[in-house]
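# Inside the fold
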Amino acid sequence: MARRCELTGKAVLTGNNVSHANNRTRRRFLPNLVAVTLISDALKQNVRLRISAAALRSVEHRGGLDAFLAKASDCELSPRARLLKRQIARTQTAVAA
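Just so it is clear, the structure is predicted and the values come from calculations on it, not from any experiment.

The rules behind these values
- Residues numbered from 1 in each chain as written.
- Predicted model: local features only at pLDDT ≥ 70, side-chain atom pairs only at ≥ 80, totals over all residues.
- Heavy atoms only, no water.
- Helix = DSSP H or I, 4+ residues; strand = E, 2+ residues; numbered from the N terminus.
- Rg over C-alpha atoms; globule rule 2.2 N^0.38 Å.
- Buried < 20%, exposed > 50% of the residue type's maximum accessible area, 1.4 Å probe, protein only.
- Lys, Arg positive; Asp, Glu negative; His and termini not counted.
- Charge placed at Lys NZ, Arg CZ, Asp CG, Glu CD.
- Core = buried A, V, L, I, M, F, W, Y, C linked by side-chain atoms within 4.5 Å.
- Pairing = 2+ DSSP bridges.
- Phe/Tyr/Trp six-rings, centres within 6.5 Å; stacked < 30°, edge-to-face > 60°.
- Lys NZ or Arg CZ within 6 Å of the ring centre and 35° of its normal.

With that settled, consider the overall build of the protein. Regarding its fold elements, the protein presents 3 helices and 4 strands. Order of helices (α) and strands (β) in the protein, N terminus to C terminus: β-β-β-β-α-α-α. By the compact-globule yardstick of 13 Å for 97 residues, the protein is too spread out, its C-alpha radius of gyration being 17 Å. If you line up the protein on its principal axes, its C-alpha atoms span 65 × 20 × 20 Å. Within the span of the protein, comprising 97 residues, buried residues form 30% of the whole. Separation of charge centres in the protein, based on 18 positive and 6 negative side chains, amounts to 11 Å.

Shown next as structure tokens:
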């Protein structure tokens, strides 16, 4: 499983450990990923995603999973999240009509 947030696309970064003697060794900065279950109001079901802690705060700030996905661009979403976004949009247009 890739170490990538399914909503924001945040992934592993690389850098250096620098010692007191200025020796440099490569290291990895891993994103803070958590497996959470979010509720989709439009679909009326629970969705299990592996997202970063920052993305979880953003979802709460924007007012839930449906609102977050509506504003998110498709290029940063995982294929599963893109499918979920299309399903939510389809459901919301059907309800509005």
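Soluble globular proteins: nonpolar side chains tend toward being buried together. Within the largest apolar cluster, 20 residues are counted, with the highest numbers of intra-cluster contacts made by Leu7, Leu38, Leu49, Ile51, Leu65, Leu69 and Leu84. Of all elements in the fold, only β3 (33–40), β4 (45–52), α1 (53–62), α2 (65–71) and α3 (79–96) reach the threshold of two or more residues within this core.

What follows deals with the pairing of β4. Where β3 lies against β4, 8 bridges are found, and the strand directions are antiparallel. Its bridge partner lying in β4, Leu38 is registered against Val47. The hairpin turn running from β3 into β4, its antiparallel successor, is 4 residues long, and Lys44 in that turn takes a positive phi close to 55 degrees.

Here we take up unusual backbone geometry. Positive phi, normally seen in glycine, also occurs at Asn22, with a value near 65 degrees. Take Asn22: it is sitting in the loop between β1 (13–18) and β2 (24–29). Judged by its relative accessible area of 45%, Asn22 is partly exposed. Here Lys44, not a glycine, exhibits a phi torsion of approximately 55 degrees, which is positive. Turning to its location among the elements, Lys44 is positioned in the loop between β3 and β4. When its relative accessible area of 71% is taken as the criterion, Lys44 is described as exposed.

Aromatic rings considered in pairs are described by the distance between their centres and by the relative angle of their planes. Taken as a whole and assessed by the stated rule, the structure comprises 0 aromatic pairs. When the ring centre of Phe29 is taken as reference, the NZ or CZ atom of Arg27 above it lies at 3.9 Å.

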